[in-house]
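Listed here are the chains, written in short residue letters.
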Amino acid sequence: MKKFWILLSFSNFLIAALFGLILRGAFVWEINWVEYRNLMHGHSHVAMLGWVYMALYALFWRRFLPASKRKNRSYSRLFWFTQITVIGMMVSFPLQGYAAISITFSTLHILASYAFVYRIWKDHNISHPAVKKLFYAALVFLILSTFGVWILGPLVVSGGRSTALYQVAIQFYLHFQFHGWFTFAVLALLLDTVLRLNWEKNDHVFNWFFYLFISSTLLSFGLVLFWAYGKESFWWINNLGILFQLVGFGLFFLFSWKKIHFLQKNWSFTENLAFGFGFFSWMMKIGIQSMVIFREAAVSATTIRPLMMGFIHLTVLGFVSAFLIFFFSNLGLLRISSHIFLLGLTIFIAGFAFTEITLFTQGIFYWMQWGQLPYYYELLFVLSAFLPLSILFFIININFTIVKINLNS
């Protein structure tokens, strides 16, 4: 794999983390040199499109393309073009927010993602049907999520920016990015790792899991509609999706855990740590999602900011990012025997865990009307500093990695 692609992905991650740190600092000190909302847009776009998307691009390229197709320079040119759009958003969003330049770069990124989906759908070489289904689902959800973005333009032109539909369109994009594209991409890569071993035939169990998870992803959008329009029927639709997700997760555990447990015996301590962190975060994500079957919890989950931020970070940092780090280490792009990698991973997990505890505790305090935690913003700022520090260690680790992956290996 092209190591510089990975360096760029982690560099984007570092910049997104630094943006996040400044956002935390804005509640501690008066920061006048940047507009908070504009920087928040820059932070979210770089984290999702600069870190997660680019990392998945590199992993899909390496894991799902035959060696002959990986030599095709069009993938490299497309990667660099997409990175240029990320840099454009990285600069333009903090400076101007949603305006002509930032919207142009965002649009170009979406078009580049279409080109990526077209090429890798055509060129992929995946032998196992279970992995292929997850791969296809991830790409379909990637395309589907962008429909929410295309709706925004006409709404703004027609004066609908203050309507509920405008917010629903934004949440449509985010929902099918987080729970669709990101989740199914991680599961495709995870199952591809597991299925490198011979295993018993249990396609019927996988199929139940797959269709339950697809249905859950679609139905759980009902929570957004419940938040936007307040209709009870949307809450019940979401609850059905949550039920499907719980059953689906149980089936995934049933058909894969023995193979995962066998593989863990051959993984290093740091690989097991990254994998365990990602898997635990996935379980926590599903567990917290399941709480919204209680109506009061559903209302709180969509109105109390610390709870919303805690869940978003649980998904992107805990579940998705931990697995991305695991996949990179499993491919030899992070030197797993290095003390630098272990230190970076430890700081990452510690900073994430304590930040999540702080956010969810504050959310519960607001829910119970107990007020604000002492030194809440100061504590969040200090804990948030752990994330860019850990990413810096990962970048150093990549630069000093002695394992070199041949392009055709």
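Throughout this document, residue positions are counted from 1 along each chain, in the order its sequence is written. Per-residue local features of the predicted model are confined to residues with pLDDT of at least 70, and side-chain atom pairs are confined, for both listing and counting, to 80 or more; whole-chain, interface and lining totals are unaffected and use all residues. Excluding hydrogens and water, the side-chain values take into account all heavy atoms of the structure.

K.L.:
Just give me the short version of the nonpolar core, but keep the residues and values in it.
P.N.:
Nonpolar side chains tend toward joint burial in soluble globular proteins. What is meant by a nonpolar core is a set of buried Ala, Val, Leu, Ile, Met, Phe, Trp, Tyr and Cys residues, joined one to another through side-chain atoms within 4.5 Å. Working definition: with a 1.4 Å probe on protein chains only, accessible area under 20% of the residue-type maximum means buried, over 50% means exposed, and in between means partly exposed. Grouped together as the largest cluster of nonpolar side chains are 123 residues, with contacts concentrated most on Phe10, Phe60, Trp181 and Phe209. Helix and strand definitions follow DSSP, with helices as H or I runs of at least four residues and strands as E runs of at least two, each counted in order from the N terminus. Per-element accounting of this core gives the leading share, 17 residues, to helix α2 (residues 36–64).

K.L.:
Tell me about the pattern of salt bridges, and name the residues and values.
P.N.:
Should a side-chain nitrogen of Lys or Arg be within 4 Å of a carboxyl oxygen of Asp or Glu, the pair is scored as a salt bridge. A complete count under the given rule lists five salt bridges for this structure. With its nearest N and O atoms 3.9 Å apart, the salt bridge here joins Asp123 to Lys69. Here Asp123, found in helix α5 (residues 100–123), pairs with Lys69, found in helix α3 (residues 67–70); they are 54 residues apart in sequence, far enough to count as distant. Its relative accessible area of 5% is what places Asp123 among the buried residues. In this structure, Arg295 engages Glu232 in a salt bridge whose closest nitrogen and oxygen atoms are separated by 3.1 Å. In this pair, Arg295 sits in helix α12 (residues 295–301) while Glu232 sits in helix α10 (residues 232–264), placing the two residues 63 residues apart along the sequence.

K.L.:
Give me unusual backbone geometry: which residues, what numbers.
P.N.:
Phi angles above zero are rare outside glycine, and Gln369 is one such case at about 60°. Turning to its location among the elements, Gln369 is positioned in the loop between α14 (339–367) and α15 (376–384). Phi at Tyr375 is positive, roughly 55°, even though this residue is not glycine. What makes Tyr375 exposed here is its relative accessible area of 67%.

K.L.:
Run through the environment of Phe93, naming residues and quoting values.
P.N.:
By the element assignment, Phe93 lies in helix α4 (residues 73–96). Apart from residues no more than four positions distant in its own chain, Phe93 is found in contact with Asn38, His41, Gly42, His45, Tyr98, Ser102 and Ser106. Residue contacts are defined here by distance: any two heavy atoms, one from each residue, within 4.5 Å place the two residues in contact.

K.L.:
Tell me what's going on with the packing of aromatic side chains, and back it up with residues and numbers.
P.N.:
Two aromatic rings from Phe, Tyr or Trp, using only the six-membered ring of Trp, form a pair when their centres are within 6.5 Å; if the ring planes differ by under 30 degrees the pair is stacked, by over 60 it is edge-to-face, and anything between is tilted. As enumerated under the stated definition, the model contains 64 aromatic pairs in all. Summarising the aromatic geometry, the rings of Trp5 and Tyr57 are spaced 5.8 Å apart at their centres and angled 70° between planes, so their arrangement reads as edge-to-face. Within this pair, whereas Trp5 is found in helix α1 (residues 3–25), its partner Tyr57 is found in helix α2, the two being separated by 52 residues in sequence. The same class applies to Trp5 and to Tyr57, which are both buried. A ring pair is formed by Trp29 and Phe381, whose centres lie 5.0 Å apart and whose planes are at 90°; its orientation type is edge-to-face. Residue Trp29 is located in the loop between α1 and α2, and its partner Phe381 is located in helix α15; the two are separated by 352 residues in the primary sequence. Note on Trp29: relative accessible area 48%, which makes it partly exposed. In this analysis the charged atom, NZ for Lys or CZ for Arg, is taken to sit over a ring once it is within 6 Å of the ring centre and within 35 degrees of the ring normal. The lysine or arginine in question, Arg119, covers the ring of Tyr75, its NZ or CZ lying 5.5 Å from the ring centre.

K.L.:
Describe the packing of α1 against helix α16 (residues 386–399), and please don't skip the residues or the numbers.
P.N.:
Relative to each other, α1 and α16 sit at 165°, their axes nearing to 9 Å. When the axis of α1 is compared with that of α16, the two are roughly antiparallel. Pair α1 / α16 crosses with left-handed handedness. Of α16, the residues touching α1 (which contributes Lys3, Ile6, Leu7, Phe10, Ser11, Phe13, Leu14, Ala17, Leu18 and Leu21) are Leu387, Pro388, Ile391, Leu392, Phe394, Ile395, Ile398 and Asn399. With axes taken as lines fitted to C-alpha atoms, and helix axes fitted only over the stretch in contact, angles between N-to-C directions fall between 0 and 180 degrees. Any angle that is under 35 degrees is reported as roughly parallel, and any over 145 degrees as roughly antiparallel; angles of 65 to 115 degrees are reported as roughly perpendicular and all others as oblique. Crossing handedness follows the turn of the near helix against the far one: under a right angle anticlockwise gives a left-handed crossing, and clockwise gives a right-handed one.

K.L.:
How would you explain α1 if you had to name every residue and give the values?
P.N.:
In a helix, the anticipated span is given by 1.5 Å times the number of residues less one. Here α1 spans 33 Å end to end across 23 residues, near enough to the 33 Å set by a 1.5 Å rise per residue. Summarising burial for α1: 17 of the 23 residues are buried, a large majority.

K.L.:
Lay out the environment of Leu331 with the relevant residues and their values.
P.N.:
Locating Leu331 in the fold gives a position in the loop between α13 (305–330) and α14. Residue classification places Leu331 among the buried residues on the basis of a relative accessible area of 16%.

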